[in-house]
Every structure is written in C-alpha cells, then in structure tokens.
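Observations on chain architecture
If you want the building blocks of each chain, they are given just below.
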Amino acid sequence: MLMYFFEIRQLEDISRGYFEIIEDYFKGIYQPGVDKFFQAEKIGFFQTAAQTILASLDDLEEDLTEFWKKNKSKVIELTSKTDFFKVIYCGSPSPLDGVDFIKRTALYIDSLLIEDPLSFLLRTKQVATDNAYLNQLIKHSFNLLDLKRLFFGDGNIPLLIIFPSLIDDEEKKKVRGVIEKSGDEYFRLLFERDFLDTEDIFDYLSEMKDVDQLLTTIKEPSILFPDILDKKERLIEMYEDIRESWQYKDFSLGSSLGYKIYGQFLNLGTQVFQAHELSSQISFDKKEYWNLYKWDINQAQGMNPDLDSTILNAVQLEEFRWLENLDIDKINLVRNQEELSNIRSVIRKNINITVNGVNEEKVKEQAMKNMEKALIEHSKRLDDYTEKLKKKIPIDTLAVVVGTMTSIPASLSLLPVAGAISTIYGIYDYFINTRQTILGKKQIQNSLMGVLFDANQNSI
Amino acid sequence: MQTKIVYDAEEFELSLKAYLSYISRKMKKDESYSPHPLVRAMVNAVDGAKNTGKPGRYMGMSGDANQYSDNQERKTIICIIEMHRDNTMTILDIQDLSLQKSIPIKVASYIFLLSIKFDKYEGDYIGVNEFIDTVNRTIPQLNIIRFKNDEWKEARDYLVKNLNTINIPLEMKKDYEKDFMSIKGDTEWEDYPPRVRSTIATIWMDDKYQELYRDGVMNIVNVFLDEKYLKTTMLNSILMILYGPSSKYFEDVLEWNLFTDLNMNNTISKTSTKIGRNQPCPCDSGKKFKKCCGSLIK
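Residues numbered from 1 in each chain as written. Chains lettered and ligands numbered in written order. Predicted model: local features only at pLDDT ≥ 70, side-chain atom pairs only at ≥ 80, totals over all residues. Heavy atoms only, no water.

Looking only at helices and strands, chain A features 20 helices and 4 strands. Across the 460 residues of chain A, 50% fall into the buried class. A sequence separation of at least 24 residues applies to 78% of the contacts in chain A between residues at least 6 apart. For chain A, the exposed area adds up to about 22600 Å²; of that, 53% sits on carbon and sulfur atoms. (Helix = DSSP H or I, 4+ residues; strand = E, 2+ residues; numbered from the N terminus. Buried < 20%, exposed > 50% of the residue type's maximum accessible area, 1.4 Å probe, protein only. Contact = heavy atoms within 4.5 Å. Areas by Shrake-Rupley, 256 points an atom, 1.4 Å probe, with all protein chains shown as cover.)

Right, here's the structure in full:
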C-alpha cells in the first residue's frame, strides 16, 4: 500500500480541487440528506429561481475545462500506472442509485472511476431543454456531494476517482464509426431487414409514428429491452422522456428508439475506450446497458463478458440486495488493497474452474455460495473469539485481584521493588492478553468481511 | 396547496442562495466586482448583527453611487432583518428608499436574475436590444416594445390627428398641457418632454404594430434615444416599472407579496438603525450618512 502513498495523495488532491469547484457552484443550494430527485424537481418548480441558478452556472464549463486542462494528464498517469483493480462506471452519467450501487461493487473493486458527470452534462446544454438540463445538473451535482467522502480513502485507495473525458475529436470519430456498426447490426436484426447505412435506418425509423406500428414491424423483440415485459409501455415512456428533455421535438417514436439505442452504444463505446486507456474494467448500474454490452461483444467478437465484469454485474442482481445493508462509511474506513484482494479471491473461488466464467447464472450462484461460505467461516471465527473472551475475563480478573491483594503487603514491607514490578507485570499481562483477544475480535469485525457479515445479518 | 406568498418566499430563498454563491465566485475572480445594493444592504445588516453578536433587529443600507461617475446615487436600498438566538435570520422588509416603497418578494428574485443576466454583457453598459430581450425573457408579465425613432414625425402627426381620442387623467391634464405647449414646429425629437415622447410613441405603436403586443401581460412602449445605457440605470428603470409610483397594474393584477406580509406581527424597531449620523454612508458615496441617504430617511 505504501508504494502508492504519493499517488493516492495526488489523486485525492485532484478530487479535492474538483470538489472545491462543485461546492463553489452548488453548495449554497445543496441540502445534505435531502433526496436529490425531490430537490431537483422542487427547484424546477420555482421558475425564477431555476433561471437564476441556470444563469449563475454559466462559468462552470470554463472552470471545469480549466481544471481538467491542468489535471487531466496527471489523473491518467496516476490511474493507469497503479495496479489497483479499477472499474469504470458506465451509465447516465453518475450512479444516481449512488451509495447502493457503490455498496454492491465496493467489496469487489479497489476503485470505481467516474467520468466527470458535470462536464458531460454541460455538453448537453445545446440540445436539452432548460428544465431537463438543470434537473440533471442538480441531481448529479448533489449526487457527487452525497458521495464526496468516498473520493477520499484516508490513506487507502479511494473508492471513487473522478476523471475527465479522455476522448478527443479524432478518437470520437473512430468510436462513432465502431458504434454505428453495432447500431446498424442491432436494427438489422431487430427488423430483420437490410439497411444501406445508419442514415437509411433513421429514415426508416422516422416513419414509425405509432408504438403499435413499431411493435408489429419488429421481428426480433427479444433484443429490444430484453428484461422488460411491457415493451409498449417502455417505448412510450422512452419517447416521452426524450421529447420532454430535448429542445428539438420534431421526431417520431421510431426515431426516438434510434436516438436511444445509438446513444447507448456511443456511451458504451466511449467508456470501453476509456476503460482501455486506464487499464480498467467496466461496470453498469442499469441492466439495460449490461444487456446491450453483452449483446454487442457477442455479436461483434463472438465473445462473452469476462469473469470480473460478470461478477460485477451479478452483484447488482436482486439476490445480492442485502449488500445494500453495508455500512459504506465503515467500508471506506477498513478497506485496503490486501483485504480487497482477499475478498475478490473468495468471491472468485471455483468460478473459473467450474463454470469457466462465462455463464452469468452460474457465476452468480457460485459467487453467492462463496460469499455464504466465507460468511459462515467469519461467523465461526467471531464465535471462537467471543468464547475465548468469555473465558479469559473471569480467570484473569481473578488472578490479578489475588495478585494485587497479596502483593500489596509484600511490596510495602519486604520486597517493595520486586513486588511493585510483579504487580505491574501482572496487570500488563492481563491487559495485553485480554486486549489481544478483544482486538482479534474487533479486527475481524472491522475487516471487510466483518462489514459484509454485518450487512448480511441485518438483512435476515 | 402552497400559497403564493410561501411560493414567493421559497423562490426568493433559492434565488438568494444562487446569487450569493454567484457573487462570491465573481468577487474571487474580480475584487472590484460589486453586487446589487439589495444584497449589499442585506450583508450590511447581517454584518451588524454579527458584530454585536446579539439577537435583535438590524438594518443594513446600500446604494449605487459607486456605479456613477458623479458619485451620486440613484438607488438606495435598506434591508431590515431579525437575527434570532439560533443565528438564523428573518427578513422583515426590504425597502427602496429612492422610490419610498417596499420591494416585493418576487421583484427581489427578479433583481438577482437580471443582475446575473446583465453581467453576461461585458462592461458597465448594455445595448438596448439586449436589454429588451433579457427583460422580456426574464419577466413573463412584462413586454417592452421599442419605438422606432425614425418614425417619430409620422407618429407625431398621427397623434395630432387623434388628439381627441386620448384620455388623460384629470389630475395630470395640466402637466400634459404644459408639456405639449412647450413643443414647437422645429423642436427635435430628443428635446421633446419625455412624457410627450412616450405618449406619441405609445399611440403610434398601439395602432401600427399590434403584432408586437402580447396578451395578458403589461405591454410598455419605450423610447430609447441612445443605443446603450448604463446597466444600473436600466435595472433601476425596470424596478420603477415593477413597483414604482406607476406600478398600480402590478400591485393590483399580480398582487405582489411583500416581506412585511410574511411577518405581519413584526414591527420595525427604531433602535434597529445602527448607522451614526456622522458615519460614512453605506451606499459607498463617500459622504456622511446624514448628508446622503440619511437625508432621504428624514
């Protein structure tokens, strides 16, 4: 850990600078502990105040651009040179389930890398309505402020690391080329129809004005929102959502599906590119993204996601909901690279051999088994210590009391020096022995497995 | 259901917080940046409370003298607050001494928004078109229409033809007559008494440019002789429209709420005035209080 001391300090300094800017702009209206979704809606309700906040944020883009100009290369250097187990968050554009998502991943990763969501949102100003733009800015800035403490590891690797967009215009073009192929293939399969290019697809989609028309044209519904049963409702919701958020309203329901799918591919492509740049894995808080990712790498490369990605996604499933009981502050306090590495190997145990790391369902089952087993072992160790402590306290207390009683007269009359020393030693021995037992118990309680154990106990 | 006054108050609080963090960033970058006197008056009141460290009522005052080359102020604002034992404060009233009116809560929110929007234009001046665009976009109840100065002769002649259709309030008739009589055939448009200029412009625009008018709002025809004006002057002119002597429309139709409406049971204590007569005036004019804003209080 010590080898990364300076790197960690520097990364934390960058986070500190970043939060200084965020606080300069948002702390006045931020209320800790108040639901960010509610706050964002409420602020939008006050038209003049909302306009004032929007107008007051005009310099934010300049300040963030300036900040990242100074710190971008440092973040890349520090992040890519350290061999932390890093995972890039891919979603929209910061994990709004916030702490719950992070709790589910915190035990498996060293650091979650989040692309600066505010710089990302600032770029949407040109196309978003004022209301939607402000709503997003408020939600994500408040989310960052809620999560602020997790950007500082107190000597350990920070759980969260903020980084700027690493993709320049030239690379954007390349990514766009790749994702357009993915999108084209997606719609070719969805409609079982050959298209000339992306433009041809959008022309076709623009004719789909009605949700029933769209649904009856789709030939392969299994790839459209695979986890959603009511696809009609999902499509209408998606269309209304996009229309409400965009300044430009003149597009059909079919076109909105095009924007949605190509947009998701672009986000995926960008984060995969950035993950590669920072030698990290990728993680999603929305199943929709995970499904699209799996589908894409399967289509494009005939591959399945790797073991780590599969496990990271598995812990987002319902069966692992109890992980949300984790005490995130405690995790932040007790986590270190060695312990995290142990936990990872516990969770990974037997997965490679038995299931080859590809079958999501089996990975999930095995990971659960491994966690259960580890928790039982942990519970046993805890019981052992408790038993030892029970035995130790009465016996040692008695010995010391007796020793003290007998030694006092001796120390006062015949053997003052020796008696005094032996009394002190007696107390010292008692203290050290008992303390070691207590510390042993505390240590396993305060280990990452201990925090996990507490979370599991709380869910029962 | 939220009442309008609670809505206004919550909106003001949010706007104030946003404006305070905005000006603090501005001042970090530019030490000479001067926030609107309304906020300076509030800060002065809070400072007074902090300095004494006692709960009670405090008054802060500020003006815009530093915005003008002659160092004469056009706008003086006082803010009266109640500082509570738990260090929270209540705004009891914000008054515009120059217009001798309390500033409505909603207008105070508009002041913050307009101040920020005016800052987007470099320097101390704002162009007339930018001003109109900014105000019309910011205050939905207001529609400022610019009179086309190159049509003034046609507009003048049109008024002469339709003079009998104008309905001038009886109490103002004498003043109007005096102004009209002062005009001669060769009087230039710039030299027309403002009241006459405004009447000519309004009648002309009303009849010829109906498409510029909006329903359900206050349409105001303005004559601008210059292409740009001091931002402070323009902001003050908007405040004059919103709550000045001729703001009956807003008072009656929009039912502005005042800070005093929020604090009906509070009366402003005379002991709240903390500025000595011989102390420098807080409006930054450099004069003694008694010779400056203090004289307005009398």
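Now that the structure has been shown, we can carry on.
With that settled, the discussion passes to the pattern of salt bridges. All chains considered together, the criterion is met by 26 salt bridges over all chains. A:Glu180 is paired through a salt bridge with A:Arg176; the nearest N and O atoms lie 3.5 Å apart. With A:Glu180 and A:Arg176 both in helix α8 (residues 169-191) and 4 residues apart, this pair spans about one turn of that helix. Its relative accessible area of 26% is what places A:Glu180 among the partly exposed residues. B:Asp70 is the salt-bridge partner of B:Arg74, the closest N and O atoms lying 2.9 Å from each other. Judged by relative accessible area, which is 39%, B:Arg74 ranks as partly exposed. Look at B:Asp70 and you get partly exposed, because its relative accessible area is 39%. Overlapping salt bridges bring together A:Arg234, A:Glu237, A:Lys260 and A:Glu288 as one network. (Salt bridge = Lys/Arg side-chain N within 4 Å of Asp/Glu carboxyl O.)

Residues and elements named next belong to chain A. Negative charge collects at one region of the surface, where Glu41, Glu240, Asp241 and Glu244 lie side by side. With 3 residues, helix α11 (residues 231-245) is the largest single contributor of residues to the negative patch. Relative to the helices and strands, Asp241 is located in helix α11. (Patch = residues over 30% accessible without salt bridge, like charges linked within 9 Å, V, L, I, M, F, W, Y side chains within 5 Å. Lys, Arg positive; Asp, Glu negative; His and termini not counted. Charge placed at Lys NZ, Arg CZ, Asp CG, Glu CD.)

A separate point is the pairing of strand β1 (residues 86-90) of chain A. Residues and elements named next belong to chain A. Among the 5 residues in β1, 5 count as buried, and that is most of the element. Where β1 lies against strand β2 (residues 111-115), 3 bridges are found, and the strand directions are parallel. Bridging from a neighbouring strand, Val87 pairs with Leu112 of β2. Relative to strand β4 (residues 281-284), β1 is paired through 4 bridges, and the arrangement is parallel. Bridged to Tyr89 within β4 is Ser283. (Pairing = 2+ DSSP bridges.)

Residue and element names in this part refer to chain A. Where α8 contacts helix α13 (residues 287-301), the axes come no closer than 11 Å and their chain directions differ by 95 degrees. Here α8 lies roughly perpendicular to α13, going by the angle between them. Residues Ser182, Glu185, Tyr186 and Leu189 of α8 form the contact with α13, whose own contacting residues are Leu292, Trp295, Asp296 and Gln299. Of the residues belonging to the contact of α8 with α13, the class tally is 4 nonpolar, 2 polar and 2 charged. (Axes fitted to C-alpha atoms, helices over the stretch in contact; angles between N-to-C directions. Parallel < 35°, antiparallel > 145°, perpendicular 65-115°, else oblique. Nonpolar A, V, L, I, M, F, W, Y, C, P; charged D, E, K, R; others polar.)

Residue and element names in this part refer to chain A. Turning to its location among the elements, Arg335 is positioned in the loop between α15 (328-334) and α16 (337-348). For Arg335, a relative accessible area of 1% translates into the label buried. Distance in space between the C-alpha atoms of Arg335 and Val75 is 22 Å, their sequence separation being 260 residues.

This brings us to the interface of chain A and chain B. Between chain A and chain B, the residue contacts involve 19 residues of the former and 23 residues of the latter. Run the count over chain A and chain B and you get 4 salt bridges. Across the pair B:Lys29 and A:Asp63 runs a salt bridge whose closest N-O atoms are separated by 3.0 Å. Taken together, chain A and chain B are joined by 13 residue pairs in polar contact (both at pLDDT 80 or more). When contributions to the side of chain A that touches chain B are tallied by element, the ones reaching two or more residues are α1 (5-26), α2 (36-45) and α3 (47-56) of chain A. Among the elements that take part in the side of chain A that touches chain B, α3(A) stands out by supplying 8 residues, more than any other. Residues of the side of chain A that touches chain B, tallied by class, amount to 8 nonpolar, 6 polar and 5 charged. (Polar contact = N/O pair within 3.5 Å; in protein donor to acceptor, adjacent residues only side chain to side chain.)

This part covers helix α14 (residues 307-314) of chain A. Buried residues dominate α14(A), accounting for 8 of its 8 residues. For α14(A), the set of buried residues is A:Leu307, A:Asp308, A:Ser309, A:Thr310, A:Ile311, A:Leu312, A:Asn313 and A:Ala314.

What follows deals with empty space enclosed by the protein. Residues and elements named next belong to chain A. Per the stated rule, a full pass over the model turns up 3 cavities of 30 Å³ or more. Among the secondary structure elements, those contributing two or more residues to the lining of the largest cavity are β1 and α12 (253-277). For the lining of the largest cavity, the per-class residue count stands at 4 nonpolar, 3 polar and 1 charged. (1 Å grid on protein atoms, 1.4 Å probe; cavity = no way out; pocket = protein on both sides within 12 Å on 5 of 7 lines; lining within 4 Å. Points joined across faces, edges and corners; volume = space filled by probe spheres on them.)

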